[in-house]
Amino acid sequence: MASTNYDCAIIGGGLAGLCLSIQLARAKHSVVLFEKESYPFHKVCGEYIAIESWDFLEAMGVPLSKMDLPRIKQLKISAPNGNVIEHDLQAGGFGISRFTLDALLVDLAIKAGVTVLSKTKIEDVAFVENEFTLKTKERNYSAKLVCGAFGKRANMDVRLKRSFIENTSDYVAVKYHVKANLPADSIELHNFKDGYCGISKVDNERYCLCYLTSAKNLKANNNSIKQMEKNVLMKNPFLNKYFSEFPSHYDRPLVISQINFSKKNSIENHILMLGDAAGLITPLCGNGMSMAMHASKIAFRNIDLFFSGKIAREALEQNYSIEWKSTFAKRIKAGRILQGFFGNNFITNWVIRLLKPFPKLVDSLVALTHGKTY
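Residues numbered from 1 in each chain as written. Predicted model: local features only at pLDDT ≥ 70, side-chain atom pairs only at ≥ 80, totals over all residues. Heavy atoms only, no water.

Engineer: Tell me what's going on with the sheet that holds strand 4 (residues 71–78), and back it up with residues and numbers.
Structural biologist: Strand order in the open sheet formed by 8 strands is 3-5-4-11-12-13-10-14, and the pairing between neighbours is mixed. In this open sheet, the two strands that pair with only one neighbour each are strand 3 (48–50) and strand 14 (254–259). For this sheet the average axis-to-axis angle between neighbouring strands, irrespective of direction, equals 25 degrees. With 7 bridges joining them, strand 4 and strand 5 (residues 84–95) adopt antiparallel strand pairing. Counted as the bridge partner of serine 78 is valine 84 from strand 5. (Pairing = 2+ DSSP bridges. Helix = DSSP H or I, 4+ residues; strand = E, 2+ residues; numbered from the N terminus. Axes fitted to C-alpha atoms, helices over the stretch in contact; angles between N-to-C directions.)

Engineer: Before we move on, can you summarise unusual backbone geometry with the specific residues and values?
Structural biologist: Cis geometry marks the peptide bond from tyrosine 39 to proline 40; its omega dihedral reads -15 degrees. Counting through the fold element by element, proline 40 comes out in the loop between strand 2 (31–35) and strand 3. Positioned with a positive phi, lysine 28 is a non-glycine residue whose angle comes to about 75 degrees. The residue lysine 28 is located in the loop between helix 1 (15–26) and strand 2 in this model. The residue asparagine 223 is not glycine, and still its phi comes out positive at about 55 degrees. Turning to its location among the elements, asparagine 223 is positioned in the loop between helix 5 (215–219) and helix 6 (225–231). Given a relative accessible area of 57%, asparagine 223 falls into the exposed group. (Buried < 20%, exposed > 50% of the residue type's maximum accessible area, 1.4 Å probe, protein only.)

Engineer: Mind laying out the pattern of salt bridges, listing which residues take part and the relevant values?
Structural biologist: Under the defined criterion, the tally for this structure stands at 11 salt bridges. Among the ionic pairs, aspartate 107 bridges to lysine 111, the shortest N-O distance being 3.1 Å. One end of the pair, aspartate 107, and the other, lysine 111, are both in helix 3 (residues 98–112), 4 residues apart, so they sit about a helical turn from each other. (Salt bridge = Lys/Arg side-chain N within 4 Å of Asp/Glu carboxyl O.)

Below, the structure written as structure tokens:
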């Protein structure tokens, strides 16, 4: 029987979890990673990654330079009335689907020696006498350290009684991969009543079209995605064209609900939180994927010191919490503020009209949501 005792257990196999597992395994620490889905799989995600993450992913072993990925250097934003800002992105980013990227990373994790347990759900976690016990339906596992990388909202949040769970969440996100005839170097953001929709190219000649809106929009349209798109999103002339003319590669869209942008703690019950589990940046600002991967590097650096006996658990938690906050807190706050400018028809139309003559102001706003190479 395989070992059930590990140095580190990671709950959630998205970008943060996979990247952390690879770094820890390469440093000769034993790692088990739990993922409730089966790889590879699609996720509701904008699939634009800021260029700050390029070098990190290549260091992980992802051959980005050989993949002919779209390099995104242009930004286009429209108001519900069709008024448009077109702007050069100073740093920019690149497009790659989560299906492709996660598949590459999980392969690297397995090659590094990570025990990857897909289709495995953690039902409970307990911390007793300086050790964690993790329970699944099949068996229990023990670990010196547990990291939570389980996404935007999960059953683990409820089990850990995290404070943000009590906050009402009324956002719904919907994603398609579509066939489109748009510039490969551009990311577009189109606003509509109570929401916004992004579209940009990814790998395999596909475009990711993903939008966020309020649950009340969906409810007002008989909980029908198609009806809501017709009655709400397609009031924007760009979205009217795209939803009418761009065929989807999916039989049905991917949908997630109860998305919560409330403040979260980076440490809960001695569990280190990474990615969306630690704090969710608004999709309007993108870069949630970059933040997740950067957080894995911060976590690895501190966890390696802990496993090497150079710092105690208390110092590990304190150092990680301080570094996470200093690296990401301003970006998350800026995202919440910027989100307030969009989604309302009148305000969005006004903001787009106001920003259009001031490209340097647009540069400053974009810079608030991007970080430096790590």
